[in-house]
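The lines below spell out each chain.
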Amino acid sequence: MFKALQLTLIAIGIFTIASCGNSDNDLLSEESLVLEHFTLQEAEELEKIHDFFITHVSNVKDPNSSEAIDDLTHFLIDLKEAGSTGVIEIPISYEEEKNLIGELSTSLIDKIWDKDTEIGYLNMHPLSDYVQFLLELGKEHPIAKDYAEKIQQAGTISSTVISSLLMSPEKYDTNVNAIRLLIAIHYITIDYNNNLSADVIY
């Protein structure tokens, strides 16, 4: 009887530890910090951005699974290696990016980007709610604060901002869902603008 009780308590302890360990992988719409800066609908749209990006760099169904996170980490390492050649390829088509942006609410777009009205570029606004969210996130994850401050200094995603993530991906903890969101928004923004430029030229 005592032994059975002991095993039950051990099992409960293991489950509790595992649950705590996965806290960073909760849905973004359940994160208190996210909901301080975004409405529930906007938080769900942020999840959509996160999942959209992860599912393009991983074939795993659950974008929050350890396997998908591993795939993202390897993708970032591969990008760093490719960065030395000057050719960086994001495995997302322009049409898919346009569809994603088109499905987002105006309120969320305004909280992340200052969208250019003439051509449609997505400029990262240094005073946006999103940048403020990253600064808050930086209290626990300093790299997010560093990233946000670089945007504030440059006024947008500059070459310095791009380089900070491209060449130092190991500083970005992919086990944290909000950091994965940062990575997703970063590369979707860059790739969308690059594809838009090509579309305008040709």
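Structure report, in brief.

## Considerations on the pattern of salt bridges
- Applying the stated criterion to the full structure yields 7 salt bridges.
- Across the pair Glu-170 and Lys-80 runs a salt bridge, and its minimum N-O distance is 3.8 Å. Of this pair, Glu-170 sits in the loop between helix 9 (159-166) and helix 10 (177-201) while Lys-80 sits in helix 4 (residues 66-83), and the two are 90 residues apart along the sequence.
- Given a relative accessible area of 55%, Glu-170 falls into the exposed group.

## Here's the deal with the packing of aromatic side chains
- Tallied over the entire structure, the rule returns 5 aromatic pairs.
- Consider the rings of Phe-53 and Phe-75, whose centres lie 6.0 Å apart with planes at 75°: the pair is edge-to-face. With Phe-53 in helix 3 (residues 40-57) and Phe-75 in helix 4, this residue pair connects regions lying 22 residues apart in the sequence. The exposure classification of Phe-53 matches that of Phe-75, with both residues buried.

## Describing helix 4
- Given a rise of 1.5 Å per residue, 18 residues ought to cover 26 Å, and the 25 Å separating the end C-alpha atoms of helix 4 matches this to within 8%.
- Listed in full, the buried residues belonging to helix 4 are Ala-68, Ile-69, Leu-72, Phe-75, Leu-76 and Leu-79. Projected onto a plane normal to the axis of helix 4, the buried residues spread over an arc of 115° and lie on a single side.

Conventions and cut-offs
Residues numbered from 1 in each chain as written. Predicted model: local features only at pLDDT ≥ 70, side-chain atom pairs only at ≥ 80, totals over all residues. Heavy atoms only, no water. Salt bridge = Lys/Arg side-chain N within 4 Å of Asp/Glu carboxyl O. Helix = DSSP H or I, 4+ residues; strand = E, 2+ residues; numbered from the N terminus. Buried < 20%, exposed > 50% of the residue type's maximum accessible area, 1.4 Å probe, protein only. Phe/Tyr/Trp six-rings, centres within 6.5 Å; stacked < 30°, edge-to-face > 60°. Expected span 1.5 Å × (residues − 1). Arc of directions from axis to C-beta.

Honestly, it's all geometry; don't read function into it.
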